[in-house]
Amino acid sequence: MASTHLPTMIRDGALHLARLLGPKPMAKPVDMTGRQVIVTGTSEGSMGYMVALQLARWGAQVVATGRSDADSLQQALRAELGTGGGSLTARTLDLADRDSVSAFADWYRERFGALHVLINNAGILHDLLALRRQVERSADGVEIHWRINYLGTFHLTSLLLPLLIDSAEADGDARVLNVTSHQHVRGRNDRLLAAFANHNPWDAYGQSKLALIHMAQALHRRHGGTGHFRALSLHPGSVYTNLVAGGLESYSRVRPIQWLMAAPAKVALLSPLQGAQTTLFCATDADVQGGRYYDRCAVSQPSADALDASVAERLWALSEGWLAQP
């Protein structure tokens, strides 16, 4: 593991251990009957899975997405939901694939016709221990964290935005939530606007999460003037979920002793249910503020780079240019 990242990991582990030992913020139940919600990145055992399940329990009509095996995901969610609450539907969505994103948006528009809350939760962190030297890229040649965490999310949001705007005008409240991370502090604005070079995977992850904060703020500036549409970003806390467990399993050299690394991680990190609370709060609280960054169910302060509106606007223009490419 690169020694330069060890102090950050120790600091974050200590911070979240202290939070685990103290009181944990919990989102209050809200009647979500009649609200239509999409939650991306909801594989079993994940934080997104808990978000989708809880919102359905509160009455929402939820579409949960995963990269594969939507039938099994739907069966698992519906089995836990039971007969109470709203409804749950699962659908395949691969944010690294333009056709998959377009097909999902087309299917959703035809099937439901309205959208009140889009929760952009899906994300990846490849090479968790920063042991590999090669940069992983998507099929269309883009660095994989940037492609899935940011560009795919921007694409999906752009396609669904008309439904959200219509719902905001018709029902007085529509929201886009970008689930980002405290690790956005590793991102830098000058790297956002330059050609993406070889980066440590944690830096690449941080870049994508910084971009998601910029995206939410730019989106809110464009459409949040009436107060009926809100776009915001949030840090769910450091959560022991599939991103961590799967990340450890991906190393053949580490796999025999994975349990030794997983045990302290489970202690130092939040559970998926605990990690879901800030997302649930931002999806349901009547007074949540658009254009802001949330942590522990409250407004927080992102990095100085994340507050530069001029960079957000330039990034938005670059992202629209990417979407316009064939």
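Rules behind the numbers
Residues numbered from 1 in each chain as written. Predicted model: local features only at pLDDT ≥ 70, side-chain atom pairs only at ≥ 80, totals over all residues. Heavy atoms only, no water. Helix = DSSP H or I, 4+ residues; strand = E, 2+ residues; numbered from the N terminus. Buried < 20%, exposed > 50% of the residue type's maximum accessible area, 1.4 Å probe, protein only. Contact = heavy atoms within 4.5 Å. Areas by Shrake-Rupley, 256 points an atom, 1.4 Å probe, with all protein chains shown as cover. Phe/Tyr/Trp six-rings, centres within 6.5 Å; stacked < 30°, edge-to-face > 60°. Core = buried A, V, L, I, M, F, W, Y, C linked by side-chain atoms within 4.5 Å. Expected span 1.5 Å × (residues − 1). Arc of directions from axis to C-beta. pLDDT = per-residue confidence, 0-100. Polar contact = N/O pair within 3.5 Å; in protein donor to acceptor, adjacent residues only side chain to side chain. Salt bridge = Lys/Arg side-chain N within 4 Å of Asp/Glu carboxyl O.

Draft legend 1. Representation of the overall build of the protein in the model. Regarding its fold elements, the protein presents twelve helices and eight strands. Burial analysis of the protein (326 residues in total) assigns 56% to the buried set. Contacts spanning at least 24 positions in sequence make up 77% of the contacts within the protein whose residues lie at least 6 apart. Total accessible area computed for the protein in this model is approximately 14200 Å², and 54% of it derives from carbon and sulfur atoms.

Draft legend 2. A look at unusual backbone geometry. We note that aspartate 69 has phi near 55°; this positive angle belongs to a residue other than glycine. With respect to the helices, strands and loops of the structure, aspartate 69 is situated in the loop between strand 2 (61–66) and helix 3 (70–81). Judged by relative accessible area, aspartate 69 falls into the partly exposed class, the value being 48%.

Draft legend 3. Summary view of the packing of aromatic side chains. One pass over the full model with this rule turns up ten aromatic pairs. Ring geometry for phenylalanine 104 versus tryptophan 107: centroids 5.7 Å apart, planes at 40°, classification tilted. Separated by three residues within a single helix, phenylalanine 104 and tryptophan 107 lie in helix 4 (residues 98–111), roughly one turn from each other. Each member of the pair phenylalanine 104 and tryptophan 107 is classed as buried. With centroids separated by 4.9 Å and ring planes inclined at 75°, the aromatic side chains of phenylalanine 154 and tryptophan 316 adopt a geometry described as edge-to-face. Of this pair, phenylalanine 154 sits in helix 5 (residues 144–171) while tryptophan 316 sits in helix 12 (residues 309–324), placing them 162 residues apart in sequence. Look at phenylalanine 154 and you get buried, because its relative accessible area is 2%. In this structure tryptophan 316 comes out as buried when scored by relative accessible area, which is 8%. Counting every residue linked through ring pairs, the aromatic cluster contains Phe104, Trp107, Tyr108 and Phe112.

Draft legend 4. Expanded view of the nonpolar core. Judged by nonpolar contacts, the single largest core of 48 residues is most densely connected at Tyr108, Tyr150, Leu160 and Phe229. For this core, the secondary-structure elements that each account for two or more residues are helix 4, helix 5, strand 5 (174–179), helix 7 (201–223), strand 6 (229–235) and helix 12. Element by element, the count of residues in this core is highest for helix 5, at 13 residues. Residue contacts for leucine 160: discarding those within four places in its chain leaves Ile38, Ala105, Tyr108, Leu115 and Leu118. Grouped together as the second largest cluster of nonpolar side chains are 39 residues, Val51, Ala60, Leu234 and Tyr294 included.

Draft legend 5. The arrangement of helix 3 in detail. Its twelve residues give helix 3 an end-to-end C-alpha distance of 16 Å, which sits within 8% of 16 Å, the value for a rise of 1.5 Å per residue. If you check which residues of helix 3 are buried, you get Ala70, Leu73, Gln74, Ala76, Leu77 and Leu81. Considered in projection along helix 3, the buried side chains sweep an arc of 165° and stay on one side of the axis. Residues of helix 3 that are exposed and point over 90 degrees away from its buried face: Asp71, Gln75 and Ala79. Buried residues along helix 3 sit against helix 2 (47–57), strand 2 and strand 3 (87–92). Among the residues trailing helix 3, glycine 82 stands out with phi positive, at a value near 75°.

Draft legend 6. Local environment of the confidence of the model for the protein. With 81% of its residues at a pLDDT of 70 or more, the protein has an overall mean of 87. Long-range and interchain partners of residues 257–262, a stretch whose pLDDT sits below 50, account for eight contacts in this model, where long-range means more than four residues apart.

Draft legend 7. The side chain of asparagine 121, seen in detail. Mapping asparagine 121 onto the fold places it in the loop between strand 4 (117–120) and helix 5. For asparagine 121, a relative accessible area of 11% puts it in the buried group. Among the polar contacts listed, one links the side chain of asparagine 121 to the backbone oxygen of glycine 41, at a separation of 2.8 Å. If we skip the residues at most four places from it in the chain, asparagine 121 touches Val39, Thr40, Gly41, Met47, Gly48 and Val179.

Draft legend 8. Layout of the pattern of salt bridges. With the rule as written, the count across this model stands at nine salt bridges. Between arginine 67 and aspartate 94 there is a salt bridge whose closest N-O contact spans 3.5 Å. Taken together, the residues arginine 67 in the loop between strand 2 and helix 3 and aspartate 94 in the loop between strand 3 and helix 4 connect sequence positions 27 residues apart. Among the ionic pairs, arginine 147 bridges to aspartate 140, the shortest N-O distance being 2.9 Å. Owing to a relative accessible area of 39%, aspartate 140 belongs among the partly exposed residues under this scheme. Beyond isolated ion pairs, a larger network of salt bridges with shared partners links Arg35, Asp173, Arg175 and Arg230.

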